[in-house]
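# Observations on the model geometry
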Amino acid sequence: MTNPNAKKPIVLMVDDNPINLIELSDFLDEAGFEVISAESGAAAIEQAQAYHPDLILLDVLMPDMDGFTTCQKLKTTTSTADIPVLFMTALTDTADKVKGFLTGAVDYITKPFQYEEVIARVRTHLTLQRLKLELLEKSNGCPGFLKMRWTPY
């Protein structure tokens, strides 16, 4: 049984296509997430700093600032560095996927995607993030245990 007073996880969706934003936002909302959205990389950075979402779904192919650059900026800003980023894109080349991971993303979902797959990946990364934060909190009194900060190679 779920706790009716529990806070809904906040997901920031970033896509320059308003139709994609509406469709996936509706699906995420129905799945129990609070969804905020942005249509550009710059707007995504502002929203992330203002709302500190639990997870970011980020399109790669956007005008002005692509998703790779947006992710790099999020990961180099203290207030947003620890937010998990999942790329959603039509780019399927291995080099693009590797570039996504090297910029700090935790997952890479190729379009067209199945909504159920997106929800499963979002839930998995939210669980991993929660467990990571719990471990870090519990390790505060233990010198050297989990004190390192994980960064991409």
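Scroll up to find the structure this text is about.
Summary of the structure given here.

Conventions used here
- Residues numbered from 1 in each chain as written.
- Predicted model: local features only at pLDDT ≥ 70, side-chain atom pairs only at ≥ 80, totals over all residues.
- Heavy atoms only, no water.
- Polar contact = N/O pair within 3.5 Å; in protein donor to acceptor, adjacent residues only side chain to side chain.
- Helix = DSSP H or I, 4+ residues; strand = E, 2+ residues; numbered from the N terminus.
- Buried < 20%, exposed > 50% of the residue type's maximum accessible area, 1.4 Å probe, protein only.
- Pairing = 2+ DSSP bridges.
- Core = buried A, V, L, I, M, F, W, Y, C linked by side-chain atoms within 4.5 Å.
- Contact = heavy atoms within 4.5 Å.
- Phe/Tyr/Trp six-rings, centres within 6.5 Å; stacked < 30°, edge-to-face > 60°.
- Axes fitted to C-alpha atoms, helices over the stretch in contact; angles between N-to-C directions.

### Comments concerning helix H4 (residues 94-102)
Capping of H4 at its N-terminal end is provided by aspartate 93; its side-chain oxygen lies 3.1 Å from the backbone amide nitrogen of alanine 95. Phi turns positive one or two residues past the end of H4, at glycine 104, with a value near 120 degrees.

### Quick word on the pairing of strand S1 (residues 10-14)
For S1, the tally of buried residues reaches five of five residues, placing the bulk of the element in the interior. As judged from the five bridges shared by S1 and strand S2 (residues 34-38), these two strands associate in the parallel manner. The partner of methionine 13 across the bridge, within S2, is serine 37. In this sheet, strand S3 (residues 55-59) lies alongside S1 in parallel orientation, the contact comprising four bridges. Looking at S3, one finds that valine 14 is bridged to leucine 58.

### A look at the nonpolar core
Judged by nonpolar contacts, the single largest core of 21 residues is most densely connected at Leu12, Val14, Ile56, Leu58, Leu74, Val85 and Phe87. Those elements that place two or more of their residues in this core are S1, S2, helix H2 (41-51), S3, helix H3 (67-75) and strand S4 (85-89). For valine 14, the residues in contact, after removing those within four places along its chain, are Leu21, Ala38, Ser40, Ala44, Ile56, Leu57, Leu58, Asp59, Met62 and Met88. The next biggest cluster of nonpolar side chains, apart from the first, holds 16 residues, and it includes Met13, Phe33, Leu55 and Val122.

### A few points about the packing of aromatic side chains
Applying the stated criterion across every chain yields a total of four aromatic pairs. Centroid distance phenylalanine 113 to tyrosine 115: 6.0 Å. Interplanar angle 75 degrees. Geometry classified as edge-to-face. For tyrosine 115, a relative accessible area of 28% corresponds to the partly exposed category. Every member of this aromatic cluster is reached through a ring pair, and the members are Phe27, Phe113 and Tyr115.

### A few points about the sheet that holds strand S5 (residues 107-110)
Within the open sheet, the five strands sit side by side as S2-S1-S3-S4-S5. Their pairing is parallel. Unpaired on one side and paired on the other, S2 and S5 mark the two borders of the sheet. Neighbour-to-neighbour, the strand axes of the sheet open up by a mean angle of 20 degrees, direction not taken into account. Each of S3 and S4 is contacted by H3, which is oriented at about 175 degrees to S4, the strand it contacts most.

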